[in-house]
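An overview of the molecular structure
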Amino acid sequence: EKEGAGEAPRLPPGVGYKTRSSPFEDAAWILAQAMRRGHRTVCFLQTRSMVEVVLQVATDHLHDAPTLQKRVAAYRAGYAADDRRQLERRLFSGDLLGVVATNALELGIDIGDLDVTIHVGVPPTVASIWQQAGRAGRRGRASATILVAMDAPLEQHFCRHPEQFFARTLEARVPDVSNPFWLSGHLLCAASELAPLKEGEVPKWFCETAINVVQDLRKDGKLLVMVPRPGQTPDPEGPVLRYCHVKGKKSPKELVNLRDIDPIQFQVIIRGNSTPLETVEQRWAFMRLHPGALYLHQQWAYFVEELDLTAQVVWVVPKNPKQIDYYTECRDHTQLVLSGGGQARSLEEATNFVRDYSAPVVRTGAVSVHWRVYGFRKKSKKDHRLVDQIDLSLPAVEMPTQAVWMDLPGPVLLPVADAGLSVDRGGLHALEHVMISIAPLVCDVETTELSCQHTRRDADPNRYLLLLYETQRGGGGVSAKVFAQWEELLRRAVELIEDCPCESGCPNCIVVAHCSEHNHGLDKRAALKIGRALGFAKSPPSPVLAPFPFVQTIPGMFCHQQQQQQQQQELQQ
C-alpha cells in the first residue's frame, strides 16, 4: 500500500512473517505521513531504546521537509527535568507536530489537542490502551488511533480476533504492598512526615511484613527509637520512631522513585560537559550504555567511551549518525538460583501416564536472579550481518524476586531428547515464551512483568525447569496469580502452539521480540511433545513409554530406582 500498488497482501497465520517490514519502520512512516498532512500526532512505544530509533527513521522519511524535521522530537523517562518541561511546552503550544514517546506521556501532563495516536505493540493493560488513545480527539475533535501489532503471539491473536481485543475489561492493578524494597522507602517517609510514628502503628498503616523492615532500618541506623523522658509512661503502641536525617543528604521523599525501585542510577554525560542528558537504572546502563555502545538521544548519536562504575557516570562523545553503518547488540546471560521456601502442589491436570511415574510439582517462591553482560555484537544496518564481536568484563547484577516453576519428570523430558530435539533451549524455552505472551489473558498481568531463562547454558542448575520469574525487584504479586492459574496458562499455551499452522515456529506462536537470545534454538516440536506428555493438548500424547533402562541421558536429570523398577515390571507384563 505504501508503494501505491494497491492493497497489501494478507498472509495466513504463520506464513511469510519474515518478509514483513518492521513494525517500527511502519510506525515511523505513518508518523511522517500524518505530519505532512498537518495532524498533531503522538507515537507510543513500549521500550525506551526504540523511541530514538523510530524518531531517527521518521526524520529520514521527512528528508525533503527540513521544517517538519525540526517539529518532531522524542519524549521518555530519564530525560533531564528541564528538557522534559521544554518538550511539554512545545507540544502544548503546537510547535511540535509529532512526538515519539513511551508511556511517560500517557497521563499526568496536559499536552493540548491531538489528532492521531499511533501505538507500536498492544499496550500492556486495557487502561493504558484507552488512556493513550484518549490523548487524541478531546473537546469534540475528530481523531484516529492506529495500532501497529508486533510479531508476538498475543498481538497476532488479537489481529485475527479483534472482537476479543475490544471485549477486554479494565484490570484491577493491586501492587504487592509486602515487597520489602517498596516498604523501606515509604517507611522512612512515614517516620519523617508523620512524626511521631509509633512502632505499633506500622502494621495498621502498612502490613505485618513492615515490622521486619522496621527492624532492618533500625539496625542500619536510618530509624531511631526515641527514648522516653524520665518519669514518662511508655506508650502502649510501642516505641516512637523518627527518621535520622543526615545534613547534606536528600530527604526520604526525594529518594523514593515512583517509576523504579532500583537504588543504583547512572547519569549520561557528554565528555567535556557537566549537564547530564538523562538518568538510567543500572540494568539499562549495562545493557544499552556499555563501553563501545551506540547511544541515540533526540536525533543525535553518541559513542559510549566509558562506563564509570564508581562515579555511576556514562561518558559519551557525539557522532554523526549518517557516518555510522552499524548498530550494537549486547550479549548477556541470566542465571537463577532458587532461594528455598514458598509453596508447592501437584499438577492438577497431568495425564495418568505421567502420574504413574512422578507427578509434576508446581512451586512458587523466592529466587535470586544473576544477570551479566559479557560482551556485545556489531551488526550492519544494511543487512544485519555480524561485523564484529567484542567481549566485556562487567560485574553481575543480582536481584531478588519471586518465581513460579514446575519440576518435570523423566518420562516427559527424556523422550524429547531421544527424538533428537532440544529439551531446554528448544522445548522449555518455547513453552515459556508462549506462556508469557498469553499471561495477560489468563492471569491479569502484563507481559513485561514476567521473564524466563532465555539464555540457558550447560552449567545452569535449573535449565530443565519450566520457570517464569518476576522482573520487578522483590516481586510485585504476579507470581501468586500465575501459580493459581498455572494449569490454565499451560493448557492455553500448548493449544496455541498446536493450532498454529507453521512448521518450526513463528510470531503467531513461539517467536517473541523480547527474547534476549533472539529466539535462537526454539523448537516447536519439542514444546508440543512436552505439552502433550503432560496432557495439555487437544490430541492425546503418544502411548510409547520412555526407553528402558532409565539412564541419565540429559545432564541434571535422573529417575529414581523405584520408578525404574516399576517401568521394568510394566514392560515385562
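Further up the page is the structure itself.
Summarised in this report is the structure supplied together with it. (Residues numbered from 1 in each chain as written. Predicted model: local features only at pLDDT ≥ 70, side-chain atom pairs only at ≥ 80, totals over all residues. Heavy atoms only, no water.)

A few points about the packing of aromatic side chains
Inspection of the entire model under this criterion finds five aromatic pairs. With a centroid separation of 5.1 Å and an interplanar angle of 90°, the aromatic rings of Phe 165 and Phe 166 are classed as edge-to-face. Looking at Phe 166, the relative accessible area reads 56%, which means it is exposed. Among the aromatic residues, those joined into a cluster by ring pairs are Trp 130, Phe 158, Phe 165 and Phe 166. A cation over a ring is seen here: Arg 48 above Trp 284, with NZ or CZ 4.8 Å from the ring centre. (Phe/Tyr/Trp six-rings, centres within 6.5 Å; stacked < 30°, edge-to-face > 60°. Buried < 20%, exposed > 50% of the residue type's maximum accessible area, 1.4 Å probe, protein only. Lys NZ or Arg CZ within 6 Å of the ring centre and 35° of its normal.)

Concerning the pairing of strand S8 (residues 240-243)
For strand S6 (residues 197-198) and S8, the ladder comprises two bridges, and the chain directions are antiparallel. Looking at S8, one finds that Lys 198 is bridged to Val 240. Sheet analysis places strand S7 (residues 223-226) next to S8, joined by four bridges and oriented antiparallel. Residue Val 225 lies in a different strand from S8, and its bridge partner there is Leu 241. (Pairing = 2+ DSSP bridges. Helix = DSSP H or I, 4+ residues; strand = E, 2+ residues; numbered from the N terminus.)

Side note on the side chain of His 157
Locating His 157 in the fold gives a position in helix H6 (residues 153-160). Among all residues touching His 157, those that are not within four sequence positions of it are Gln 164 and Leu 441. (Contact = heavy atoms within 4.5 Å.)

A look at the nonpolar core
One broad trend across soluble globular proteins is that nonpolar side chains are buried collectively. Within the largest apolar cluster, 51 residues are counted, with the highest numbers of intra-cluster contacts made by Trp 486 and Leu 490. Counting residues per element, the ones that place at least two in this core are strand S18 (397-407), helix H14 (410-418), helix H15 (423-443), strand S20 (466-470), helix H16 (478-484), helix H17 (486-499) and helix H18 (524-534). Ranked by residues supplied to this core, first place goes to H15 with eleven residues. Core analysis: the second largest hydrophobic core is formed by 41 residues, Val 54, Leu 96, Ile 111 and Val 148 among them. (Core = buried A, V, L, I, M, F, W, Y, C linked by side-chain atoms within 4.5 Å.)

Re the sheet that holds strand S10 (residues 276-281)
A sheet is described by the order of its strands in space; here five strands give the open sequence S10-S9-S13-S12-S11, paired in mixed fashion. Sheet topology places S10 and strand S11 (294-297) at the edges, where each strand pairs with a single neighbour. For this sheet, the mean angle separating the axes of adjacent strands, direction not counted, is 35°. Pairing of S11 with strand S12 (residues 300-308), which is carried by four bridges, proceeds in the antiparallel orientation. Pairing of Leu 294 across the sheet is with Phe 303, part of S12. Most of the contacts of helix H2 (residues 48-61) go to S11, to which it runs at about 70°, and overall it touches S10 and S11. (Axes fitted to C-alpha atoms, helices over the stretch in contact; angles between N-to-C directions.)

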